[in-house]
Every structure is written in C-alpha cells, then in structure tokens.
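# Coordinate analysis (summary)
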Amino acid sequence: MMTATLRLDIVSAEQAIFSGEVEMVFATGEMGDLGIAPGHTPLITALKSGNIRATLPSKEEEIFYVKGGLLEVQPFVVTVLADTVMRARDIDEAAAMLAKEQAEKILSEKGSQVDFAKASAELAEAIAQIQAVQKLKKRLK
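Residues numbered from 1 in each chain as written. Predicted model: local features only at pLDDT ≥ 70, side-chain atom pairs only at ≥ 80, totals over all residues. Heavy atoms only, no water.

## Quick look at the overall build of the chain
Applicable threshold: Each helix is a run of DSSP H or I of at least 4 residues and each strand a run of E of at least 2, with the numbering of both proceeding from the N terminus. When a residue's accessible area, from a 1.4 Å probe over protein chains only, is under 20% of the maximum for its type it is buried; when over 50% it is exposed; and in between it is partly exposed. Only heavy atoms matter for contacts: two residues are in contact if any of them lie within 4.5 Å across the pair. Each accessible area is a Shrake-Rupley result for a 1.4 Å probe, and residues are judged covered by the shown protein chains and nothing else. His is not counted, nor are the chain ends; Lys and Arg add positive charge and Asp and Glu add negative charge. In this description, the location of a charge corresponds to atom NZ of lysine, CZ of arginine, CG of aspartate or CD of glutamate.
When helices and strands are counted, the chain shows two helices and eight strands. Along the chain, helices (α) and strands (β) appear in the sequence β-β-β-β-β-β-β-β-α-α when read from the amino end. Here the chain holds 141 residues, and 39% of them are scored as buried. Taking the intrachain contacts of the chain between residues at least 6 apart in sequence as the baseline, contacts between residues at least 24 apart amount to 54%. With an accessible surface of roughly 8100 Å², the chain has 56% of that area assigned to carbon and sulfur atoms. For the chain, the separation between the mean place of its 16 positive charges and that of its 20 negative charges on side chains is 5 Å.

Take a look at the structure:
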C-alpha cells in the first residue's frame, strides 16, 4: 500500500526553498502549533517565527526556520509563503547565539532607551533559529 502524501511548497520573496512530497508538516501558526496530514481541512493562517518540520516518505525530517509569513493548507497541498526562510542546516548557530546574547543584554538594561518590542522580537528570532539547529543536530546523531 502506498503511503498518502501531500505536496509541500516553501517559498520566500527571494527563492523557492523546498518543493516535494511529504507525509506530515508541523508548523507554528498564530493560534498555536499545527500538525498537517494528507486530507487536512483547508485553512489559511499567519505563521509565527519558528520552525517548520516536514516528515518525508523516507521518514527523514527536513527542518526549516521561518520568520513570519502565511501558511495555506489544501487537502493535499501545503504552501508556506515566508517573509524569511532557511534550512536548519544553513543557519549559523554561532551568529544566532550571539544575537540571542545581545538581545538578552539589551532587555536586561532596564534604565536605558531600549526598544523592548524590537529586542524581544530579535530574541525570539534567535531562539527559534537555535532550536532549528539543535533539532537538526539531535536528528543527525
């Protein structure tokens, strides 16, 4: 028996980063985490900055970091239109760690003229990138 799959397309303004058949897609929508299997009810949701995981028919997992965007689900097609998207293996973990430390330092300087919303967003982005890299490393062990 053939395993049911759905087509996943992940694109940003700059490039198409993934297009192929997958068994399952996991993403973080504005209202929470989503698990999308073939035959899913159609929906459109905004994406939070975070990770998208796709389970391939080979049972391998592809992990992507997205910074905002939209997720459109049709019963057998999932389209991600991301503001920014990177494969986890392409993320510079050291740079993400540095960005996290800088954002945490800015947020800890209470008396200064700090844009807390901007620093908080930068911290969340750095953490999501680090998590994508760490999930990839764990999978490769």
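Having seen the structure, we can now continue with the description.
## Notes on the packing of aromatic side chains
Applicable threshold: Any pair of Phe, Tyr and Trp rings, taking the six-membered ring for Trp, is counted once the centres come within 6.5 Å. Such a pair is stacked with planes under 30 degrees apart, edge-to-face with planes over 60 apart, and tilted for the rest. Only Lys NZ and Arg CZ are tested; either one counts as a charge over a ring when it is within 6 Å of the ring centre and within 35 degrees of the ring normal.
For the structure on display, the rule yields one aromatic pair. Against the face of F26 rests R53, its NZ or CZ located 4.4 Å from the ring centre.

## A closer look at the pairing of strand β3 (residues 24-29)
In plain terms, the rule: We treat two strands as partners when DSSP finds at least two bridges between them.
With burial as the criterion, only one face of β3 is covered, namely that bearing V25, A27 and G29; the residues M24, F26 and T28 on the opposite face remain uncovered. Sheet topology note: the β3/strand β6 (residues 50-55) ladder contains three bridges and is antiparallel. When the sheet's bridge partners are listed, M24 is paired in β6 with T55. With five bridges connecting them, β3 and strand β4 (residues 32-36) associate as antiparallel partners. If you follow F26 over to β4, its bridge partner there is G35. Between the end of β3 and the start of β4, which pair antiparallel, lie two residues.

## Let's talk about a nonpolar patch on the surface
Worth spelling out the cut-off: Put simply, a patch holds well-exposed residues, over 30% relative accessible area, that have no salt bridge, with like charges counted together within 9 Å and Val, Leu, Ile, Met, Phe, Trp or Tyr side chains within 5 Å. We define a salt bridge as a contact between a side-chain nitrogen of Lys or Arg and a carboxyl oxygen of Asp or Glu at a distance within 4 Å.
There is a patch of nonpolar side chains on the surface, built from I44, L70 and L81 and spanning about 290 Å² of accessible area. Looking at the element boundaries, L81 is found in strand β8 (residues 77-87).

## Side note on unusual backbone geometry
In the Ramachandran plot, K59 falls in the positive-phi region, its phi being about 75 degrees despite a non-glycine side chain. Along the chain, K59 turns up in the loop between β6 and β7 (61-74). We classify K59 as exposed; its relative accessible area is 56%.

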